[in-house]
Amino acid sequence: MSNSADLSVTDSIILGLVEGLTEYLPVSSTGHLLVVQKMLGLGGDEATDLALETYAICIQAGAILAVLFLYWGRIRQMLDGLVGRSEEGRHILIAVITAFVPTAIIGLVIQDPVRQYLFGVWPIALSWVVGGLVILYLSRTGFMTKPGKALDQITAQDALIIGGLQAIAMWPGTSRSFTVIIAGLLIGLSLKAAVEFSFLLGLITLSAATAFEGLQNGPALIDQFGVVNPLIGLAVAFVSAMVAVKWMVNWLEEKGFEIFGYYRIAIGAAAFAALGVGAL
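Predicted, not measured: the structure shown is a model, and the values here were computed from it.

### A few points about unusual backbone geometry
Argument step 1. One non-glycine residue, Ser28, lies in the positive phi region at around 80 degrees.
Argument step 2. Take Ser28: its relative accessible area is 4%, and that puts it in the buried class.
Argument step 3. Phi at Ser175 takes a positive value of approximately 95 degrees, unusual for a residue other than glycine.
Argument step 4. For Ser175, the position within the fold is in the loop between helix 8 (156-166) and helix 9 (176-186).

Shown next as structure tokens:
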């Protein structure tokens, strides 16, 4: 019998908003969700904690739909490539699939120890701060804005490197989009191309993670929280992700990456302070 009272409508809206706003920004949606769950006082027993972990992954479906909507032109080009109607689309599709493979393999191998040792506030806070310092350093050295190649110039070797580095983001607080963007810049993509590739790779990575978690623990999620409230969160994640993606693209074109570095350091410091006074 479901017990949707463990996840209220308000909780669902807050978690959906957090997921949508942070999934594609280089600030870590998983880290934010885990901390916000603690702030809301959710969890505490094994069944509820499992349902919350599952919900935090399955709610990504809202963010997936947002990118499908916003980048449908590119996705359609990739689908055309699948049936031989677009050489550029086929090239990018192969690159995205190639990048996904090492992430999937590494993820399956290390998912259990990651959940056991890194799903806590202090590892998340540490990752936020370190990532923020990395962003500020790279921004001030000009690394983030150097000229680079377009997305259709990415090679299979480039994609493998990006996919391998994306696995680092299994550490909550690191951010999948952050690692993919930095990896893209490392192998010579322009910032615009690296950001777009992070969105496209996110589609297959998040879809696979959502499907895997849903099939494995979906019944436990529904039994604990019901259906309606989680769907409300998913809808909120869809809308807020569209807003966040549009804002991020426009912001990077005009202002640059440093704001994310400052944000990560500030929220990491706040998390450490909350730990210090016993608030988390």
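From this point, things continue past the structure.
### Regarding helix 10 (residues 191-225)
Argument step 1. With 35 residues, helix 10 should cover 51 Å at 1.5 Å per step; its first-to-last C-alpha distance of 40 Å lies more than 12% under that length.
Argument step 2. At Asn217, helix 10 shows its largest kink, close to 70 degrees, and the proline Pro219 lies no more than four residues downstream.

### Brief notes about the side chain of Thr48
Argument step 1. Mapped onto the elements, Thr48 comes out in helix 3 (residues 46-58).
Argument step 2. In this structure Thr48 comes out as buried when scored by relative accessible area, which is 4%.
Argument step 3. Polar contacts involving the side chain of Thr48 include one to the side chain of Gln224, which spans 3.0 Å.
Argument step 4. Apart from the residues within four sequence positions on either side, Thr48 is in contact with Asp6, Gly43, Gln224 and Phe225.

### A closer look at the nonpolar core
Argument step 1. If you look at the biggest cluster of nonpolar residues, it comprises 49 residues, and the most contacted ones within it are Ile162 and Phe197.
Argument step 2. Counting only elements with at least two residues in this core, the list comes to helix 4 (60-70), helix 5 (72-82), helix 6 (87-117), helix 7 (121-140), helix 8, helix 9, helix 10 and helix 11 (228-254).
Argument step 3. With 10 residues, the single largest contributor to this core is helix 10.
Argument step 4. Setting aside its immediate chain neighbours within four residues, Phe197 contacts Ala95, Val96, Ala99, Leu151, Ile154, Ile162 and Val180.
Argument step 5. By size, the runner-up hydrophobic cluster in this structure holds 14 residues, among which are Leu15, Ala51, Ala56 and Ala237.

### Describing the packing of aromatic side chains
Argument step 1. Under the definition given, this model contains five aromatic pairs.
Argument step 2. Residues Tyr24 and Phe199 carry aromatic rings whose centres are separated by 5.5 Å and whose planes lie at 90 degrees to one another, so their mutual orientation is edge-to-face. Separated by 175 residues along the polypeptide, Tyr24 in the loop between helix 1 (9-22) and helix 2 (29-39) and Phe199 in helix 10 bring together distant segments of the chain.
Argument step 3. Residue classification places Phe199 among the buried positions, given a relative accessible area of 0%.

### Concerning the packing of helix 3 against helix 10
Argument step 1. With their axes 8 Å apart at the nearest point, helix 3 and helix 10 run at an angle of 135 degrees to one another. Viewed along their axes, helix 3 and helix 10 adopt a mutual orientation that is oblique. As for the relative orientation of helix 3 and helix 10, their crossing is left-handed in sense. Facing Ala47, Thr48, Leu50, Ala51, Leu52, Thr54, Tyr55, Ile57 and Cys58 of helix 3, the residues of helix 10 in contact are Ala209, Thr210, Glu213, Gly214, Asn217, Gly218, Ala220, Leu221, Gln224 and Phe225.
Argument step 2. Split into classes, the residues belonging to the contact of helix 3 with helix 10 amount to 11 nonpolar, seven polar and one charged.

### Focus: the confidence of the model for the protein chain
Argument step 1. Summing up the model confidence of the protein chain, the mean pLDDT is 91 and the portion of residues at 70 or higher is 98%.
Argument step 2. Taken together, the stretch residues 1-5 has pLDDT below 50 and engages in 11 contacts with residues farther than four places along the chain or on a different chain.

### With respect to the packing of helix 7 against helix 12 (residues 258-276)
Argument step 1. Packing of helix 7 against helix 12 leaves a shortest axis separation of 7 Å and a crossing angle of 155 degrees. Overall, the two elements helix 7 and helix 12 adopt an arrangement that is roughly antiparallel. You can see that helix 7 and helix 12 cross each other, and the crossing is left-handed.

### Digging into a nonpolar patch on the surface
Argument step 1. On the surface, Trp122, Leu126, Val130, Val134, Trp171 and Phe272 cluster together into a nonpolar patch covering about 520 Å² of accessible area.
Argument step 2. Its location among the elements puts Val134 in helix 7.

Reading guide: rules and limits
Residues numbered from 1 in each chain as written. Predicted model: local features only at pLDDT ≥ 70, side-chain atom pairs only at ≥ 80, totals over all residues. Heavy atoms only, no water. Buried < 20%, exposed > 50% of the residue type's maximum accessible area, 1.4 Å probe, protein only. Helix = DSSP H or I, 4+ residues; strand = E, 2+ residues; numbered from the N terminus. Expected span 1.5 Å × (residues − 1). Bend = angle between axes of the 7 residues up to and from the residue. Polar contact = N/O pair within 3.5 Å; in protein donor to acceptor, adjacent residues only side chain to side chain. Contact = heavy atoms within 4.5 Å. Core = buried A, V, L, I, M, F, W, Y, C linked by side-chain atoms within 4.5 Å. Phe/Tyr/Trp six-rings, centres within 6.5 Å; stacked < 30°, edge-to-face > 60°. Axes fitted to C-alpha atoms, helices over the stretch in contact; angles between N-to-C directions. Parallel < 35°, antiparallel > 145°, perpendicular 65-115°, else oblique. Left-handed = near helix turned anticlockwise from the far one by under 90°. Nonpolar A, V, L, I, M, F, W, Y, C, P; charged D, E, K, R; others polar. pLDDT = per-residue confidence, 0-100. Patch = residues over 30% accessible without salt bridge, like charges linked within 9 Å, V, L, I, M, F, W, Y side chains within 5 Å. Areas by Shrake-Rupley, 256 points an atom, 1.4 Å probe, with all protein chains shown as cover. Salt bridge = Lys/Arg side-chain N within 4 Å of Asp/Glu carboxyl O.

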